Amino acid sequence: MTMEEPVIGGAVGPADTAAGDSRAARHRTRRTPGRSARPDPERSLPGRIAGRLGGGVLRAVLILIGLFWLMPTIGLLLSSLRGADDIAASGWWQVFTKPSQLTFENYANLLDNHVVTHSLLATVLFTVPATLLVVVIGSFAGYAFAWMDFPGRDWWFVGVVALLVVPVQVALIPVSKLFGAIGIFETTLGVILFHVAFGLPFAIFLLRNFFAEIPRELLEAARLDGAGEIRLFTRVVMPLGGPAIASLGIFQFLWVWNDMLVALVFADSKNPPITVALQQQVRQFGNNVDVLAPGAFLSMVIPLAVFFAFQRQFVSGVMAGAVK
């Protein structure tokens, strides 16, 4: 009769084996505190270099690039805060060693110049209506091209896209004759209509492509709930299209505000925008940087404020459709 050897600790079952495997797996995946993970041997050398530089060095390089890009703006600001004699004698960087040169006298003189102050108001009157009209009309047209069926819709959209390649210079003389015939040449209305006409093709193209990415199920669900086209546009499409509409508004605002060619041709010489007014100051006084520098910087403050105010929506609108 054979005697069996006793099993120390009892029999080992499947549950014990599974528990031992899980403990071993946790032990293998556990990392020692304070020790970094071993680098992936399959990672390429450029990838490892980029990973090492992902910290302070890369940030320092980006900061230097940003400062280099802002250097003209900083120089313009410091020049606008220096007197005419200081500007003629040395460069704007001298303010770091001679801060006593900084003064607000140039801005005080600029605000006393009724031509410049009136031109700022005229620029606002040109820019705000032209931007609002392009955003409103472009939004309605973009929705119609994206989600409404009407005869020749695709061909009409092809025609809108074709208008994107028409340069502004080609239309100056024909539109000038047309505006002169109907009596709106050298008026505020003529400048606004010209900017609206050349801003709408891009607006329709941008918003139509953005609205077309809205899921059809959302629109069908709203229609089943009894929503008409106007209610559908205002309650569903507009909230979802906010980033694209904000991006369009920034583009149009900057284009109209910084425009000089259209204003030089179609605006009244007695009611010029800021770009034309500064050009007239150069022609009248010559190289007067003490007048031009504060005027140019003042004309940049408003579009910069608009851009930074809607920066988040601008980035979202630009990146829309880039990823699924």
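Treat the numbers as computed from the prediction; the structure is a model and nothing was measured.

Basis of the calculations
In every chain, residue numbers begin from 1 and rise along the written sequence. Where local features are concerned, this predicted model is filtered to residues with pLDDT of at least 70; where side-chain atom pairs are given and counted, the filter is 80 or more; whole-chain, interface and lining totals use all residues. Calculated side-chain values reflect all of the structure's heavy atoms, with hydrogen atoms and water omitted. Put simply, DSSP marks the helices as runs of H or I at least four residues long and the strands as runs of E at least two long, and each gets a number from the N terminus on. The buried label applies to any residue whose accessible area, calculated with a 1.4 Å probe on protein chains only, is under 20% of its type's maximum; exposed applies above 50%, and partly exposed to all values in between. Here the expected length of a helix is defined as 1.5 Å per residue gap, with one fewer gap than residues. One axis fitted to the seven residues ending at a residue, another fitted to the seven starting there: the angle between these axes is the bend at that residue. Salt bridges are identified by distance alone: a Lys or Arg side-chain nitrogen within 4 Å of an Asp or Glu carboxyl oxygen. Between N-to-C directions, angles span 0 to 180 degrees; the directions come from axes that are lines fitted to C-alpha atoms, helices contributing only their stretch in contact. Crossings are sorted by hand: turned counterclockwise from the far helix by less than a right angle, the near helix makes the crossing left-handed, and turned clockwise it makes it right-handed. In this description, the arc belongs to the directions extending from the helix axis to the C-beta atoms. Pairs of residues are marked as contacts when any of their non-hydrogen atoms sit within 4.5 Å. Here a Phe, Tyr or Trp ring, Trp counted by its six-membered ring, pairs with any other such ring whose centre lies within 6.5 Å, and the pair is stacked when the planes are under 30 degrees apart, edge-to-face when over 60, and tilted otherwise. Placement of a charge over a ring requires the Lys NZ or Arg CZ to be within 6 Å of the ring centre, with the centre-to-atom vector within 35 degrees of the ring normal. Note: pLDDT gives the predictor's confidence per residue, expressed from 0 to 100. Here, nonpolar core refers to any group of buried Ala, Val, Leu, Ile, Met, Phe, Trp, Tyr and Cys residues whose side-chain atoms link them within 4.5 Å. Just so you know how the angles are binned, under 35 degrees is roughly parallel, over 145 roughly antiparallel, 65 to 115 roughly perpendicular, and the rest oblique. We call Asp, Glu, Lys and Arg charged. Ala, Val, Leu, Ile, Met, Phe, Trp, Tyr, Cys and Pro are nonpolar, and the rest, Gly among them, are polar.

Undergrad: Would you mind going over the overall build of the protein with me for this structure?
TA: Broken down by element type, the protein carries 16 helices and zero strands. Put simply, the protein has 324 residues, and 32% of those count as buried.

Undergrad: What exactly am I supposed to notice about helix α9 (residues 188-211) here?
TA: The periodicity of an α-helix, 3.6 residues per turn, causes residues three or four places apart in sequence to face the same way. Along its 24 residues, α9 runs 32 Å from first to last C-alpha, staying within 8% of the 34 Å computed at 1.5 Å per residue. Residue Gly 199 marks the point of greatest curvature in α9, where the axis turns by about 35°; the proline Pro 201 follows within four residues.

Undergrad: What's the story with the pattern of salt bridges in this structure? I'm lost.
TA: Oppositely charged side chains may form a pair once their charged atoms are brought near each other. Using the criterion set out here, one finds three salt bridges in the structure. Salt bridges here are not isolated pairs; linked through shared partners, they connect Asp 149, Arg 153 and Asp 154.

Undergrad: Hey, could you run me through the packing of helix α6 (residues 114-147) against α9 in this one?
TA: Each packed pair of helices is defined by two parameters, the angle between the axes and the distance between the axes. At a closest axis distance of 7 Å, the pairing of α6 and α9 adopts a crossing angle of 35°. At the point where α6 passes α9, the crossing takes the right-handed sense.

Undergrad: Would you explain helix α11 (residues 229-240) in this entry?
TA: In this model, α11 (twelve residues) spans 15 Å end to end at C-alpha, consistent with the 16 Å of a helix rising 1.5 Å per residue. Three or more residues of α11 are buried, namely Leu 232, Phe 233, Val 236 and Val 237. When α11 is viewed along its axis, its buried side chains cluster within an angular range of 125° and face the same direction. Of the residues in α11, the exposed ones pointing more than 90 degrees away from the buried face are Ile 230, Arg 235 and Pro 239. Where α11 is buried, its residues contact α6, α9 and α10 (216-224).

Undergrad: What should I look at first to understand the packing of aromatic side chains in this one?
TA: The way to describe two aromatic rings as a pair is by their centre distance and the angle between their planes. By the definition in use, this model includes 14 aromatic pairs. Consider the rings of Trp 92 and Trp 93, whose centres lie 5.8 Å apart with planes at 75°: the pair is edge-to-face. These aromatic residues form a ring-pair network of at least three members: Phe 179, Phe 185, Phe 194, Phe 198 and Phe 266. We note Arg 208 situated over the ring of Phe 157; from NZ or CZ to the ring centre the distance is 4.7 Å.

Undergrad: Just to check I follow, could you spell out the confidence of the model for the protein for this structure?
TA: The predicted coordinates should not be examined in detail at positions where pLDDT is low. When pLDDT is averaged across the protein, the result is 79; 77% of the residues are at 70 or more. Highest mean pLDDT in the protein belongs to α9 (93); lowest belongs to helix α1 (residues 14-29) (50).

Undergrad: Please clarify how the environment of Arg 223 should be interpreted in this entry.
TA: Along the chain, Arg 223 turns up in helix α10. Taking relative accessible area as the criterion, Arg 223 reaches 33% and is therefore assigned partly exposed.

Undergrad: I would appreciate a short explanation of the nonpolar core in the present structure.
TA: As a rule of thumb, soluble globular proteins bury nonpolar side chains together. Among the nonpolar cores identified, the biggest contains 25 residues, and Tyr 143, Trp 147, Phe 211 and Val 237 are the most heavily contacted of them. Contributions of two or more residues to this core are made by α6, α9, α10, α11 and α12 (242-257). When residues of this core are assigned to their parent elements, the largest contribution, seven residues, is made by α9. Among residues more than four places away in sequence, those in contact with Val 237 are Tyr 143, Phe 211, Ile 214, Leu 219 and Leu 232. Counting residues in hydrophobic clusters, the runner-up holds 15 residues, among them Ala 171, Leu 172, Val 262 and Phe 266.

Undergrad: Even after reading the chapter, I still don't get the packing of helix α5 (residues 105-112) against helix α15 (residues 289-309), so can you show me in this structure?
TA: Relative to each other, α5 and α15 sit at 80°, their axes nearing to 9 Å. The angle between the axes of α5 and α15 places the two elements in the roughly perpendicular class. Residues Asn 106, Tyr 107 and Leu 110 of α5 pack against Asp 290, Val 291, Pro 294, Gly 295, Phe 297 and Leu 298 of α15. For the contact of α5 with α15, the residue count by class is six nonpolar, two polar and one charged.

Undergrad: Just to check I follow, could you spell out unusual backbone geometry for this structure?
TA: One can expect most non-glycine residues to show negative phi and most peptide bonds to be in trans. Positive phi is not limited to glycine here, since Glu 186 has a value of about 60°. Relative to the elements of secondary structure, Glu 186 occurs in the loop between α8 (168-182) and α9. Classification of Glu 186 by relative accessible area gives partly exposed; the value is 37%.

Undergrad: How do you make sense of the environment of Thr 123 when you look at a structure like this?
TA: Assignment of secondary structure puts Thr 123 in helix α6. The class for Thr 123 is buried, based on a relative accessible area of 1%. For the pair formed by Thr 123 and Pro 273, sequence separation is 150 residues and the distance between their alpha carbons is 4.6 Å. For Thr 123, the residues in contact, after removing those within four places along its chain, are Trp 257, Pro 273 and Ile 274.

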